[in-house]
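Per-entry structural report
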Amino acid sequence: MINITLPDGSMRQYEAGVTPLDIAKSISEGLARNVLAAKVNGNILELYRPINEDATVQLLTWNDEDGKHTFWHTSAHLLASALQELYPGIHFGIGPAIENGFYYDIDFGKYEVSSDDFPKIEKKMMELVQAKTPVTRREVSKAEALKTFGDRGEVYKVELINDLEDGSISFYDSGNFTDLCRGPHLVDFSPIKAVKLINLAGAYWRGDEHRPQLTRVYAISFPKKKELDEYLVMLEEAKKRDHRKIGKELGLYMFSETVGKGLPIWLPKGTDLRLRLQEFLTKIQKRYGYQQVMTPHIGSKCLYETSGHWEHYGEDSFRPITTPEDGEVYLLKPMNCPHHCMIFKNEPHSYKDLPLRIAEFGTVYRYEQSGELHGLTRVRSFTQDDAHIFCRPDQVKEEFIKVMEIIEIIFKALSFDNFEAQISLRDPSNTTKYVGSDENWAKAEQAIVEACKEKNLPAKVEYGEAAFYGPKLDFMVKDALGRRWQLGTIQVDYNLPERFELEYIGSDGQKHRPVMIHRAPFGSMERFCAVLIEHTAGKFPLWLTPDQFIILPVSEKYVEEAQALKIKLEEMNLRGTLDTRDEKIGRKIRDAELAKYPFMLILGEKEINEGTVSVRRQGAGDLGSMTPEAFAAIVEEEIKKVM
RNA sequence: GCUGCAGUAGCUCAGCUGGUAGAGCGCAUCCUUGGUAAGGAUGAGGUCACCGGUUCAAAUCCGGUCUGUAGCUCCA
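Residues numbered from 1 in each chain as written. Chains lettered and ligands numbered in written order. Predicted model: local features only at pLDDT ≥ 70, side-chain atom pairs only at ≥ 80, totals over all residues. Heavy atoms only, no water.

Within chain A one finds 20 helices and 33 strands. The buried share of chain A, reckoned over its 643 residues, is 49%. For chain A, contacts bridging at least 24 residues in sequence account for 68% of all contacts bridging at least 6. Of the roughly 31400 Å² of accessible surface on chain A, 48% is carried by carbon and sulfur atoms. Taken together, the 83 basic and 99 acidic charged side chains of chain A have centroids lying 3 Å from each other. (Helix = DSSP H or I, 4+ residues; strand = E, 2+ residues; numbered from the N terminus. Buried < 20%, exposed > 50% of the residue type's maximum accessible area, 1.4 Å probe, protein only. Contact = heavy atoms within 4.5 Å. Areas by Shrake-Rupley, 256 points an atom, 1.4 Å probe, with all protein chains shown as cover. Lys, Arg positive; Asp, Glu negative; His and termini not counted. Charge placed at Lys NZ, Arg CZ, Asp CG, Glu CD.)

Take a look at the structure:
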C-alpha cells in the first residue's frame, strides 16, 4: 500500500500502481468525470499513469490553470490530427497551449488555407472527438525518433529532436497522428466538447525572422459548448470596447500620418479627460509631500551617458539631435529620472530633508518598432505620471506604503476593484548581475514584502524578475471583462544614485548615498486612458467625464432658457453642454445616449413653468423632474462615493 | 523591422471576372416647433492612400512606397 496526500492535507491509502483516475473515482463520481490530469509530486501526468510510491497528488480539472493547460495542449494535438487528415503531407512545427487556447504552427506547403476553411477543420476535429480517439504515450529512443520523423520529412520535428537528450523522448499517438511531445495529455479527445478556430497568422520557425515562416493556427476549446459561447460573447464585447474605436467615436484623440506614426494627438475632449486625471493625481501627491517640476524634452547626450541609458538603449532609440554650428549632441528624453537626479544634485541635502519627492508629468520619446505600435497602449511619445523619491535606505518601506496608498486611492476612484500585485525580486542563485550592495537589496526586498503584508495586498513573488538596478512592485488590474493590464509600478533603484554620485549628509556628518524610488501609479497617461476606456466602455466616472450633462431643449423655443440653465449648473461646479439642433426630442435623446453623456436634462414648457428639469440617466432612462439643485446633489452624491 | 491582410466621401462600408464611382450616417439649406432612443425635402462633398507599369481603357491587374491591422517560442 502507498500513501497519497491530497491538497487538503488528507491522506489516503491505495495499492501501489494506482492511477490518478482510480483516486478520483474513489473520491467521487463527479470528480472522476471532470478530472483532466493530475499533479503528482509537482509533475503533471496523465490519468492513466500508475503511481508506485507515496506521493502528493492534486487532481486537476478545468478550474485549475494546469488542467486547462493540459486540455488545450491535447486540443492542439486534436487540431493537428484534423489538419493532417484534411491536408496530407503538411509539416508540423510546435503546438503549445497558451493563455487563451492554443495554437499549432504548420507548414502547409502547397495548400492555401484561409479562415474560410475553419468550419471544415472544426468539423473534422469534432469527428475525431466523437470517435473518442485515445491519446497514448510511448517512450522512444532518439535514433528511433529521428528515423520516424526523418522518414516523413518532418524537418522541424527532426530539428527539435536533435536538441533533445536520448532517453527523455516521448511520442503521443492519437489515431493516425503521432507527435513528438513531452505531454501530458488527456486520456482521449472526448472531454473536448467545443472548438473554435480563432485566426491564422504567420510565425517564424522558432521566432527567427531569417527562418521559414509557418502558418500559425490559433484556436480555443472548451469542455462545454456553453463556455465557448460565453467566450465568443466576451470577445465580441472586447471588440466593442476597443479604445481605438471608442476613442475615435468620442473624439478623444487622433493619429495623423503626416504628424507621424505612434505619436498620439489629444483632442479637446481627451485633453479634458487627461488633465482631470492629472489634476486628481497632483492633488493627492501634494497631500503626500510631492513637489512638481518641469524638465525639457531633450537632454544632452552626456546626461544619458552618465545615466547609462545611452549605453543600454542608444542603439534602439531615436537618433541624436545635433546643433548646426557647434555640433552639440542632444537626445529626445526617453526617461525623466536623469533630469530629476540633477534636480537632487542642485543643492546639498541633509538626512533631515529626505525623502525628497520630485514629480513630473513628463513626456518621453521612445523608438518602438513599427510592428509594436498599437493604439494608445504602445506609442512613441507618451507622458509618464512620473515621480522619484530620494530617500534613506531605512525609509524605503514607509515610502512604499505611501505610494501604495496613492495607487489604492486611484484604483478606487476609477472602479478598478480587481487588482493584484507582483513583487519582483532578484534571482537568489545569481546575484552578480545586479548593482547595489547585498545589504541594501535585502533591506529593500524585505521592505516591499512587508509593505504588501501591511497593506493586505495579495502579491505574487517572482524571483529573478527584478531589474538589474533594483526590486520592484507592479500593479495589475482586471478590467470589466476580466482582462489583465499592467498599470502602476514602484521600483527601487540603486544604480542612478551611484552613477550620478548623489549624496546626502547623514546624522553622523558623513556623506551617504540615497536610494531612489521610481513610481508611476498610472504608468503612462496614454496607456492608462486606453485601459480606462476599455474598462468603462467609454462611460467614464462622473467626476472624470468631459461632459457630465447635456441639456436637450424640447424645441428651439427653449434654447434661451437652456443656456441660462447651463450657466446655472456651471455655477454649481458641474460641466456640460447644450444641444441646440433643430431636431425632435427623441432624436436628441438617442444621439446623447449614443454619445454616452451621463445625464440628459430635458427642458420644455412644463419644466420652465415649474423651475425644474427632467433628468434622464444614460442607459437607465427617465429619473423624473427635479430642481437644478436636486440634480446637482445627485451628481455630487455619486462622485462622493468614489472620491 | 519581418510576414499576411487592408486602405474607396468627415465616419461605417458596397463596388462580380478591367469600361473613369455608390449607400447609410454626418454636414449645409429649407420645411417642420416637437415630450424620453432616428420627422421630411433639397444639396454640397471623392486625384478610389501615393508613385510607376500592363492595357484602347485601371478603384479593379502587376511592382514599389506610405499608413493601418493581426501575428512574430507563451518552447517538443
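Moving on to the confidence of the model for chain A. Per-residue pLDDT for chain A averages 90, and the proportion of residues at 70 or more is 100%. For this predicted complex, the interface confidence score (ipTM) comes to 0.89, while the overall pTM stands at 0.88. (pLDDT = per-residue confidence, 0-100.)

Turning next to the side chain of Asp547. The residue Asp547 is located in the loop between α16 (525-536) and β29 (549-553) in this model. Taking relative accessible area as the criterion, Asp547 reaches 12% and is therefore assigned buried. A polar atom in the side chain of Asp547 sits 2.3 Å from the side chain of Lys269. Beyond its immediate stretch of four places on either side in the chain, Asp547 contacts Lys269, Arg575, Gly576, Thr577, Tyr597 and Pro598. (Polar contact = N/O pair within 3.5 Å; in protein donor to acceptor, adjacent residues only side chain to side chain.)

Once that is clear, we can look at the side chain of Thr133. For Thr133, the location among the structural elements is in the loop between α4 (118-130) and β9 (136-140). Given the relative accessible area of 9%, Thr133 is considered buried. Here Leu128 takes part through its backbone oxygen, which lies 3.0 Å from a polar atom of the side chain of Thr133. Contact partners of Thr133, with chain neighbours within four places excluded, come to Leu128, Ser174, Gly175, Asp188 and Phe189.

Moving on: the packing of aromatic side chains. By the definition in use, this model includes 25 aromatic pairs. On the numbers, 5.6 Å between centres and 55 degrees between planes, the contact of Tyr103 with Tyr218 is tilted. Of the two residues, Tyr103 is situated in strand β8 (residues 101-107) and Tyr218 in strand β13 (residues 213-222); the sequence distance between them amounts to 115 residues. Overall, the relative accessible area of 9% leaves Tyr103 in the buried class. For Tyr218, a relative accessible area of 24% translates into the label partly exposed. (Phe/Tyr/Trp six-rings, centres within 6.5 Å; stacked < 30°, edge-to-face > 60°.)

Quick look at the sheet that holds strand β33 (residues 621-626) now. Overall, mixed pairing links the five strands, which are arranged β30-β29-β31-β32-β33 in an open sheet. Looking at which strands have only one partner, the edges of the open sheet turn out to be β30 (576-578) and β33. In this sheet, adjacent strand axes meet at a mean angle of 25 degrees when their direction is disregarded. The pairing of β29 with strand β31 (residues 599-603) spans five bridges and is classified as parallel. Looking at β31, one finds that Leu552 is bridged to Ile602. Of the strands in this sheet, β29, β31, β32 (613-617) and β33 are in contact with helix α20 (residues 628-642), which crosses β31 at around 175 degrees. (Pairing = 2+ DSSP bridges. Axes fitted to C-alpha atoms, helices over the stretch in contact; angles between N-to-C directions.)

The next thing to look at is the sheet that holds strand β1 (residues 2-5). Strands belonging to one sheet form pairs held by backbone hydrogen bonds; the direction of such a pair is parallel or antiparallel. Taken in spatial order, the five strands line up as β2-β1-β5-β3-β4 in an open sheet, and their pairing is mixed. Each edge of the sheet is formed by a strand with only one pairing partner; in this case those strands are β2 (11-14) and β4 (43-45). Neighbour to neighbour, the strand axes of the sheet diverge by 35 degrees on average, direction disregarded. Of the pairings in the sheet, the one linking strand β3 (residues 37-40) to β4 comprises three bridges and is antiparallel in character. Looking across to β4, one finds that Lys39 is bridged to Ile44. The strands that helix α1 (residues 20-27) touches are β1, β2, β3 and β5 (55-60); relative to β5, the one it contacts most, it runs at about 75 degrees.

Quick look at the pairing of strand β22 (residues 418-425) now. Here seven bridges tie β22 to strand β24 (residues 472-478), and the two strands are oriented antiparallel to one another. For Ala421, the partnering residue across the bridge sits in β24 and is Phe475. Pairing of β22 with strand β23 (residues 459-463) involves five bridges; the strand directions are parallel. Within the sheet, the bridge partner assigned to Leu425 lies in β23 and is Tyr463. As for the winding sense of the linkage, the β-α-β connection from β22 through helix α14 (residues 438-454) to β23 is right-handed. (Right-handed = clockwise from strand over helix to strand, strands pointing away.)

What α1 keeps buried is the set Pro20, Ile23 and Ala24. Projection of α1 onto a plane perpendicular to its axis shows the buried side chains occupying an angular sector of 100 degrees, all on one side. (Arc of directions from axis to C-beta.)

Space left empty within the atom packing is revealed by a probe, the size of a water molecule, rolled over the atoms. Counting across every chain of the model gives one cavity of 30 Å³ or more. What the largest cavity holds in volume is close to 110 Å³. Along the wall of the largest cavity there are 13 residues; nearest its centre are Ser317, Phe318, Leu331, Leu332 and Pro334. Of all elements in the fold, only α11 (309-313) and β19 (329-332) reach the threshold of two or more residues within the lining of the largest cavity. Among the elements that take part in the lining of the largest cavity, α11 stands out by supplying three residues, more than any other. Looking at the lining of the largest cavity residue by residue, the class counts come to nine nonpolar, three polar and one charged. (1 Å grid on protein atoms, 1.4 Å probe; cavity = no way out; pocket = protein on both sides within 12 Å on 5 of 7 lines; lining within 4 Å. Points joined across faces, edges and corners; volume = space filled by probe spheres on them. Nonpolar A, V, L, I, M, F, W, Y, C, P; charged D, E, K, R; others polar.)

In the vicinity of RNA strand B, 53 residues are found, and the nearest of them are Tyr204, Ser370, Ser555, Arg587 and Ser614. Backbone atoms, meaning sugar plus phosphate, form 49% of the atoms of RNA strand B positioned within 4 Å of the protein. Here a base nitrogen of RNA strand B and a backbone polar atom of Gly371 are 3.3 Å apart. With seven residues, the top contributor of residues to the surface near RNA strand B is helix α18 (residues 585-594). Partitioned by chemical class, the residues of the surface near RNA strand B number 16 nonpolar, 13 polar and 24 charged. (Near = heavy atom within 4 Å.)

Take helix α6 (residues 155-162) next. Buried within α6 we find Tyr156, Lys157, Leu160 and Ile161. Across the axial projection of α6, the buried residues extend over an arc of 135 degrees, all falling on one side. Lining the buried residues of α6 we find β6 (91-92), β8, α5 (142-151), β10 (169-174), β11 (177-180) and β13.

Turning to the pattern of salt bridges, a few remarks are in order. As enumerated under the stated definition, the model contains 48 salt bridges in all. The residue Arg616 makes a salt bridge to Glu593 at a minimum N-O spacing of 2.9 Å. Placement of Arg616 in strand β32 and of Glu593 in helix α18 is noted, with a sequence separation of 23 residues between them. Residue classification places Arg616 among the partly exposed residues on the basis of a relative accessible area of 24%. Beyond isolated ion pairs, a larger network of salt bridges with shared partners links Glu159, Asp163, Arg206 and Arg211. (Salt bridge = Lys/Arg side-chain N within 4 Å of Asp/Glu carboxyl O.)

It is worth spelling out the pairing of β1 at this point. In β1, alternate side chains face the same way, and those of Ile2 and Ile4 are buried while those of Asn3 and Thr5 on the opposite face are not. Looking at chain direction, β1 and β2 are connected through four bridges and run antiparallel. Looking at the pairing, Ile2 lines up with Tyr14 of β2. Pairing of β1 with β5, which is carried by two bridges, proceeds in the parallel orientation. Residue pairing for β5: Thr5 is matched across the bridge by Thr56.

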